[in-house]
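If you want the building blocks of each chain, they are given just below.
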Amino acid sequence: MENISLNMLPIDKDKYSLLDNILIRKDRLIANRQFQRIVAKVPFLSSISKSRAKGVFDLMAGFVYSQILLACVRVRLFEHLANGPLSLEELSKKVDMPIKGLERLLLGAQSLELIETRGNRFALGTLGAPLVGNQALLSMIEHHGALYQDMRDPIALLRGELKEKALESYWPYITEQSEELKSLSDTDKVSQYSALMSDSLPLVADEVIDSYNFNQHQCLLDVGGGQGTFISLLSQRVKHLQFQLFDLPGVAQLAQEKLDETLGAGRVQCFGGDFFNHPIPSGADLVTLIRVIFDHDDARVKQLLRSIYQSLPSGGKLLVAEPMANTEDLPAMGQAYFGFYLLAMGRGRPRSSQEIKDFLIEAGFKRTKLVKNMMKINAQIVVAEK
């Protein structure tokens, strides 16, 4: 590739405003290697220069960092260190890996603050300690193996040239045609992705349960509720609520068996069906969509919201919770991570809270509200009233 200096390119002064021209010259100055070297020697500016250099390097090296994290999870490193620091020799007895390879992994993990050294022993680091027993994050880290396969050629992914995508085949409801959804009554076919949804859901569920007042409702219907993880968690905090769940037949069957066992028969009624081709069950004064709509296209989302609107009584509410685009202080989470994840998955897109509000108003809801919550990286919450 031919090296091109920005300073060699002409600026079309008639095409851009005065401000644009100033910003273009600023960008060209920053891109100049001689200017970068000068700035690096200026005490006040050097910290900014070094910070930006680190940011660029971390972007370039991010794949390696994530693979080190994956290796730590697969050898259960954090679990081994949960009871206290261990030496290299002690860890080598627990991890099936040549000692040189294990040492390289430990040093890499230490540099990423996943672990730290205490004397001649290795201990949990500031970023590794939160992963101990956190099945939600551990399952997602393991699951990323499929995403890595699809991202190996990002240009082919963006052009739609990948003939087979690992994520697309992982989620069976993405490729099934509506008339074939009856095949998803097979619990074996849905158990893998349903288990991942169940494992990772607490990241979102905790935000919703901590931020919204469920005491104002009598019956909750969780649409796309998976194996009932959200209902199970919420039932521990709100004792009076009755619950319904609606999902694909095989998933609903798994959920009914699990919830009957954990909550007792009669507390939850599970319905099996396709929420794009079957009516939404009625009877609930609150419907929840927990991490559901971002993996569907606009037309299907609007159809689903209209169906939910029709199922609710006057004054009933719909709660939508999922990671959203344009989240304050988290721009990469929405458009970068979820944008490419959903592209590989084959359907859907990240939406901002305002876009979701607009869809809800279009569906007929009269009021919408963004509910404040603590960990917006896990989810934001929008509530609409009929």
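Data block above holds the structure.
Residues numbered from 1 in each chain as written. Predicted model: local features only at pLDDT ≥ 70, side-chain atom pairs only at ≥ 80, totals over all residues. Heavy atoms only, no water.

K.L.:
What is the right way to read the overall build of the chain from this model?
P.N.:
For the chain, the helix and strand inventory stands at 17 helices and 10 strands. A burial count over the chain gives 45% of its 386 residues as buried. Restricting to contacts in the chain with at least 6 residues of sequence separation, those with at least 24 account for 64%. For the chain, the exposed surface amounts to about 21200 Å²; the carbon and sulfur share of it is 54%. (Helix = DSSP H or I, 4+ residues; strand = E, 2+ residues; numbered from the N terminus. Buried < 20%, exposed > 50% of the residue type's maximum accessible area, 1.4 Å probe, protein only. Contact = heavy atoms within 4.5 Å. Areas by Shrake-Rupley, 256 points an atom, 1.4 Å probe, with all protein chains shown as cover.)

K.L.:
Which parts of the structure should I look at to understand the sheet that holds strand β3 (residues 121-124)?
P.N.:
Strand-to-strand pairing in sheets goes through backbone hydrogen bonds, with the strands running parallel or antiparallel. The sheet built from three strands is open, its strands ordered β1-β3-β2 with antiparallel pairing. Each of the sheet's edge strands pairs with one partner strand only, and the pair in question is β1 (86-87) and β2 (115-118). Pairing analysis gives two bridges linking β1 to β3, with the strands arranged antiparallel. Paired with L86 across the strands is F122, a residue of β3. The strands that helix α6 (residues 99-111) touches are β2 and β3; relative to β2, the one it contacts most, it runs at about 105 degrees. (Pairing = 2+ DSSP bridges. Axes fitted to C-alpha atoms, helices over the stretch in contact; angles between N-to-C directions.)

K.L.:
Can you help me understand the packing of helix α15 (residues 298-311) against helix α17 (residues 353-363) in this one?
P.N.:
The N-to-C vectors of α15 and α17 enclose an angle of 50 degrees; their axes lie 9 Å apart at closest approach. As judged from the angle between their axes, α15 and α17 are oblique. Our pair here, α15 against α17, has a crossing hand that is right-handed. Note on element contacts: α17 touches α15 through F359, L360, E362 and A363, opposite D298, V301, K302, L305, R306 and Y309. Of the residues assigned to the contact of α15 with α17, the class counts are six nonpolar, no polar and four charged. (Parallel < 35°, antiparallel > 145°, perpendicular 65-115°, else oblique. Left-handed = near helix turned anticlockwise from the far one by under 90°. Nonpolar A, V, L, I, M, F, W, Y, C, P; charged D, E, K, R; others polar.)

K.L.:
Explain the pattern of salt bridges here, please?
P.N.:
For side chains bearing opposite charge, pairing can occur when the charged atoms are close. The final tally for this structure, using the stated rule, is 11 salt bridges. In this structure, D298 and R351 form a salt bridge, with 2.8 Å as the shortest nitrogen-oxygen distance. Linking D298 in helix α15 with R351 in the loop between α16 (331-345) and α17, this pair joins segments that are 53 residues apart in sequence. Linked through salt bridges whose partners overlap, the residues forming this network are D298, R349, R351 and E355. (Salt bridge = Lys/Arg side-chain N within 4 Å of Asp/Glu carboxyl O.)

K.L.:
Just checking my understanding: could you explain the pairing of strand β8 (residues 317-322) for this structure?
P.N.:
Within a regular beta strand, the side chains point alternately toward one face of the sheet and then the other, so they alternate between its two faces. Counted residue by residue, β8 has six buried out of six residues, so it is predominantly covered. A two-sided burial pattern is seen for β8, the buried positions comprising K317, L319 and A321 on one face and L318, V320 and E322 on the other. In this sheet, β8 lies alongside strand β7 (residues 286-290) in parallel orientation, the contact comprising five bridges. Note that in β8 the partner of I290 across the bridge is A321. In this region the chain leaves β7, passes through α15 and returns to the parallel neighbour β8; the handedness of that crossover is right-handed. Pairing analysis gives six bridges linking β8 to strand β10 (residues 380-385), with the strands arranged antiparallel. In the sheet register, K317 faces β10, and the bridge partner there is E385. (Right-handed = clockwise from strand over helix to strand, strands pointing away.)

K.L.:
Can you help me understand α15 in this one?
P.N.:
Because an α-helix packs 3.6 residues into every turn, residues spaced three or four apart end up facing the same way. Between its terminal C-alpha atoms α15 stretches 20 Å, which fits the 20 Å expected from 14 residues at 1.5 Å a residue. Here the buried face of α15 lies against β4 (219-223), β7, β8 and α17. (Expected span 1.5 Å × (residues − 1).)

K.L.:
Help me understand the nonpolar core in this model?
P.N.:
One broad rule of soluble globular proteins: the nonpolar side chains tend to lie buried together. Counting residues in hydrophobic clusters, the biggest one holds 28 residues, and the most contacted among them are V208, F214, L220, F230, L234, I290 and L319. Where this core is concerned, the elements lending two or more residues are α12 (202-211), α13 (229-235), β5 (242-247), α14 (249-263), β6 (268-272), β7, β8 and β10. Among the elements that take part in this core, α12 stands out by supplying four residues, more than any other. Apart from the residues within four sequence positions on either side, L234 is in contact with I209, F214, L220, L241 and F243. Of all hydrophobic cores here, the second largest spans 27 residues; its members include F246, F275, V301 and M324. (Core = buried A, V, L, I, M, F, W, Y, C linked by side-chain atoms within 4.5 Å.)

K.L.:
Would you take a moment to explain a nonpolar patch on the surface for this structure?
P.N.:
Nonpolar side chains collect at one region of the surface, where I38, V42, F44 and I48 lie side by side and expose about 380 Å² of accessible area between them. Considering the arrangement of structural elements, one finds I48 in helix α3 (residues 43-74). On the basis of relative accessible area, I48 is assigned to the partly exposed category, the value being 38%. (Patch = residues over 30% accessible without salt bridge, like charges linked within 9 Å, V, L, I, M, F, W, Y side chains within 5 Å.)

K.L.:
Just to check I follow, could you spell out α6 for this structure?
P.N.:
Helix length check: α6, at 13 residues, gives a terminal C-alpha distance of 18 Å against a target of 18 Å (1.5 Å per residue), a fit within 8%. Restricting attention to buried positions, one finds in α6 the residues L102, L105, L106, G108 and A109. Considered in projection along α6, the buried side chains sweep an arc of 165 degrees and stay on one side of the axis. Of the exposed residues in α6, the ones pointing more than 90 degrees away from its buried face are K100, R104 and S111. Where α6 terminates, the next one or two residues include E113, which has phi positive at roughly 65 degrees. (Arc of directions from axis to C-beta.)

K.L.:
Quick question: what am I supposed to make of the packing of aromatic side chains here?
P.N.:
Taken as a whole and assessed by the stated rule, the structure comprises nine aromatic pairs. Look at F246 and F275: their rings are 6.5 Å apart centre to centre, the planes differ by 55 degrees, and that puts the pair in the tilted class. With a gap of 29 residues between them, F246 in strand β5 and F275 in the loop between β6 and β7 connect regions that are remote in the sequence. Geometrically, the ring pair formed by F294 and F338 is tilted, given 5.5 Å between the ring centres and 40 degrees between the ring planes. One end of the pair, F294, is in the loop between β7 and α15; the other, F338, is in helix α16, and 44 residues separate them in sequence. Owing to a relative accessible area of 7%, F294 belongs among the buried residues under this scheme. (Phe/Tyr/Trp six-rings, centres within 6.5 Å; stacked < 30°, edge-to-face > 60°.)

Coordinates in, geometry out; function isn't part of it.
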